[in-house]
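Structure assessment
The primary structure of each chain is shown beneath.
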Amino acid sequence: MAYFANVDQIQYEGATSKSPLAFKYYNPQEIIGGKTMEEILRFSVAYWHTFTADGSDPFGVGTAIRPWNHLTGMDLAKARVEAGFEFFEKINSPFFCFHDVDIAPEGRTLKETNENLDVIVNMLKEYMKTSKTKLLWNTANMFTHPRYTHGAATSCNADVFAYSAAKVKKSLEVAQELGAENYVFWGGREGYETLLNTDMRLEQDNLARFFHMAVDYAKEIGFEGQFLIEPKPKEPTKHQYDFDVATGLAFLQKYELQDYFKFNIEANHATLAGHTFEHELRVARINGMLGSVDANQGDPLLGWDTDEFPTDLYSTTLAMYEILKNGGLGKGGLNFDAKVRRGSFEPDDLFHAHIAGMDSFAIGLKVANQLIADKVLDDFISERYSSYTYGIGLEIVEGKTNFRQLEEYALNLSELKNQSGRTERIKALINQYLLETLSLSKKINA
Ligand code: XUL
Ligand code: CO
């Protein structure tokens, strides 16, 4: 049975196409800097937003019209798998991602939950034998059920810690079974509401103990996927422990976990932390910790995680700049942790949304690649810091000087001369590259 019968396989038709259900810029086989777009971008569909969510929000019930809405329980779970692989194929997605509870309903006991999971995992495995779509990552949802009200690994209740360990153990087995390229830890409720009732030190020590046990178990079963921490500053808790990349990095280093983890960076989480998307990517990149990306965007007028599909070309350009400078994402990918707006309730909207996101990152990739090839930012930056390539600057970076010598040098300076940072000139140049890339795409197609 076809769940999306009125949608054919989405094709690349180029920038002049008028067809809404076609890629205008994402051309999977097009070579950019020696690799295909498909190899670089490694798109992934988020199971929870696309197949599990119903469009409900804190003020209203679900709005989403989905061809599986009449089903419940395991029948619903199975229908979603069927629909999922039809969708992956039609949108041409090389990857997908899920939480355990997205794919199978929880049972009355942990044992029953695991049995439900096994049925669906077997079904996924069957589909994956003939599908090109692979598992980018999976994770355990340890935030929806009331048992996690005080957190999971950071809960004040040791039984909840144990239960959470059992959940991650099972999820790692699922990851191994399905050949997941990564395993994600997003700290759902790993944070606090108020310090008045919180033992922060114990909670963080326990979180580290939990991660060490996960590392040990992955080794034990031979799971070689990359472990990823997904920082977020707040929501659902007031203060999440994995606040941002810098905080997460300090945590990993303190507890000697830095060799086992990288970061999964989500655009909307970055902006919630008061950073730009590219800031978080940069902090991870320069520390060798950029693992994967949850590709979405927030709304600057709203203070919460709106998880919109990414359509801001300026942002996708600067994100792709960091990713290319990182030498790609390795085992990671661009996972659309993004949901259609509540008012976009028709099944076709799922396709429109992914097309918009994939085209936006394809443009970002092209522009970033050209900016790098032409050394646009590199030249500005090396010129800006050139004082460190000779004389006293070189002595500073080579560690060959000290405060006494620097004072002597400074006393002899007659004048300190700075140069303009040229921010506006650079922004204008980026606009020029963006517009040039877009008009070139149109010309190629005309
Ligand atoms: C929540 C969020 C999660 C993680 C996976 O804000 O981003 O969906 O990506 O648990
Ligand atoms: Co996410």
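A brief report on the enclosed structure follows. (Residues numbered from 1 in each chain as written. Chains lettered and ligands numbered in written order. Predicted model: local features only at pLDDT ≥ 70, side-chain atom pairs only at ≥ 80, totals over all residues. Heavy atoms only, no water.)

1. Let's talk about the environment of Lys339
Relative to the helices and strands, Lys339 is located in the loop between strand 14 (334-336) and helix 12 (347-373). Overall, Lys339 belongs to the partly exposed group, its relative accessible area being 34%. In sequence terms Lys339 and Pro236 are 103 residues apart; their C-alpha atoms lie 18 Å from each other. Setting aside its immediate chain neighbours within four residues, Lys339 contacts His49, Thr306, Asp307, Glu308 and Phe309. (Helix = DSSP H or I, 4+ residues; strand = E, 2+ residues; numbered from the N terminus. Buried < 20%, exposed > 50% of the residue type's maximum accessible area, 1.4 Å probe, protein only. Contact = heavy atoms within 4.5 Å.)

2. Looking at the packing of helix 5 (residues 110-130) against helix 6 (residues 158-178)
Running from amino to carboxyl end, helix 5 crosses helix 6 at an angle of 15°, the nearest separation of the two axes being 10 Å. By the angle between their axes, helix 5 is roughly parallel relative to helix 6. Note that helix 5 runs across helix 6; the crossing there is right-handed. When helix 5 is examined against helix 6, the residues Leu110, Thr113, Asn114, Leu117, Asp118, Val121, Leu124, Lys125 and Met128 are found in contact with a partner set consisting of Tyr163, Ala166, Lys167, Lys170, Val174, Glu177 and Leu178. (Axes fitted to C-alpha atoms, helices over the stretch in contact; angles between N-to-C directions. Parallel < 35°, antiparallel > 145°, perpendicular 65-115°, else oblique. Left-handed = near helix turned anticlockwise from the far one by under 90°.)

3. Things to note about the packing of aromatic side chains
Taken as a whole and judged by the stated rule, the model has 33 aromatic pairs. Geometrically, the ring pair formed by Phe51 and Phe87 is edge-to-face, given 5.7 Å between the ring centres and 80° between the ring planes. With Phe51 in helix 2 (residues 47-52) and Phe87 in helix 3 (residues 73-91), this residue pair connects regions lying 36 residues apart in the sequence. Owing to a relative accessible area of 0%, Phe87 belongs among the buried residues under this scheme. One aromatic cluster in this structure is built from Tyr3, Phe4, Tyr47, Phe51, Trp68, Phe85, Phe87, Phe88, Phe96, Phe98, Tyr127 and Phe351. (Phe/Tyr/Trp six-rings, centres within 6.5 Å; stacked < 30°, edge-to-face > 60°.)

4. Focus on the side chain of Glu280
Within the secondary structure, Glu280 sits in helix 10 (residues 277-286). Within the buried set, Glu280 has no salt-bridge partner at all; the shortest N-O distance to an opposite charge, 11 Å, is to Arg282. Not counting the four nearest positions on each side in its chain, Glu280 is found in contact with Asp244, Val245, Ile265, Ala270 and His275. (Lys, Arg positive; Asp, Glu negative; His and termini not counted. Salt bridge = Lys/Arg side-chain N within 4 Å of Asp/Glu carboxyl O.)

5. Here we look at the nonpolar core
Leu124, Phe227, Leu334 and Phe361 are the most contacted members of the largest nonpolar core, which totals 114 residues. Leave out the neighbours within four places in its chain, and Phe361 touches Leu41, Phe43, Phe277, Ala295, Pro310, Thr316, Ala319, Met320, Leu334 and Phe336. If you look at the next biggest cluster of nonpolar residues, it comprises 10 residues, including Phe95, Leu136, Trp137 and Val184. (Core = buried A, V, L, I, M, F, W, Y, C linked by side-chain atoms within 4.5 Å.)

6. Focus: the coordination of the cobalt ion (ligand 2)
Within the protein, Glu230 (OE), Glu266 (OE), Asp294 (OD) and Asp337 (OD) serve as the donor atoms for the cobalt ion (ligand 2), at 1.9 to 2.2 Å. Because the angles between the six donor atoms bound to the cobalt ion (ligand 2) fall within 80 to 172°, the donor set is best described as octahedral. All donors of the cobalt ion (ligand 2) come from a single chain, and their spacing in sequence reads E-x35-E-x27-D-x42-D. Of this pair, Asp294 sits in strand 13 (residues 290-294) while Asp337 sits in the loop between strand 14 and helix 12, and the two are 43 residues apart along the sequence. Neither Asp294 nor Asp337 differs from the other in exposure class; each is buried. (Donors = N, O, S within 2.8 Å, 3.2 Å for Na, K, Ca; no water. Tetrahedral: all angles 85-135°; square planar, octahedral: opposite > 155°, others 65-115°.)

7. Some thoughts on the site of ligand 1
All residues in the neighbourhood of ligand 1 are listed as Trp48, His99, Trp137, Trp186, Glu230, Lys232, Glu266, His269, Asp294, Asp305 and Asp337. For ligand 1, an oxygen atom lies 2.7 Å from a polar atom in the side chain of His99. Contact distances for ligand 1 include 2.9 Å between an oxygen atom and a side-chain N or O atom of His269. Across the complex, the protein chains shield 93% of the 290 Å² of accessible surface that ligand 1 would expose by itself. Spatially, ligand 1 is embedded in the largest pocket. Class assignment of the residues belonging to the shell around ligand 1 gives a composition of three nonpolar, two polar and six charged. (Near = heavy atom within 4 Å. Polar contact = N/O pair within 3.5 Å; in protein donor to acceptor, adjacent residues only side chain to side chain. Areas by Shrake-Rupley, 256 points an atom, 1.4 Å probe, with all protein chains shown as cover. 1 Å grid on protein atoms, 1.4 Å probe; cavity = no way out; pocket = protein on both sides within 12 Å on 5 of 7 lines; lining within 4 Å. Sits in = over half its atoms within 2 Å of the grid points. Nonpolar A, V, L, I, M, F, W, Y, C, P; charged D, E, K, R; others polar.)

8. Examining the side chain of Ser93
With respect to the helices and strands, the residue Ser93 is situated in the loop between helix 3 and strand 6 (95-99). At 3.4 Å, the side chain of Ser93 forms a polar contact with the backbone oxygen of Phe43. Ignoring sequence-local partners within four residues, the contact set of Ser93 consists of Phe43, Ser44, Val45, Phe88, Lys132 and Thr133.

9. Describing the pattern of salt bridges
A side chain of one charge can pair with a side chain of the opposite charge if their charged atoms are brought near each other. A full pass over the atoms with the stated rule returns 20 salt bridges. With a closest N to O distance of 3.0 Å, Arg42 and Glu181 form a salt bridge. One end of the pair, Arg42, is in the loop between helix 1 (37-41) and strand 5 (43-46); the other, Glu181, is in the loop between helix 6 and strand 8 (182-186), and 139 residues separate them in sequence. For the pair formed by Arg42 and Glu181, the shared burial category is buried. Its salt-bridge partner being Glu106, residue Arg147 comes within 3.2 Å of it at the nearest N-O pair.

10. Quick notes on empty space enclosed by the protein
For the structure on display, the rule yields three cavities of 30 Å³ or more. Of the volumes computed, that of the largest cavity is approximately 140 Å³. Around the largest cavity, the lining is made up of 18 residues, and of these Met142, Phe185, Trp186, Gly187 and Glu190 lie nearest the centre. Of all the secondary-structure elements, those providing two or more residues to the lining of the largest cavity are strand 8 and helix 7 (200-221). If you tally residues by element for the lining of the largest cavity, the top one is strand 8, at four residues. Of the residues assigned to the lining of the largest cavity, the class counts are 12 nonpolar, three polar and three charged. (Points joined across faces, edges and corners; volume = space filled by probe spheres on them.)

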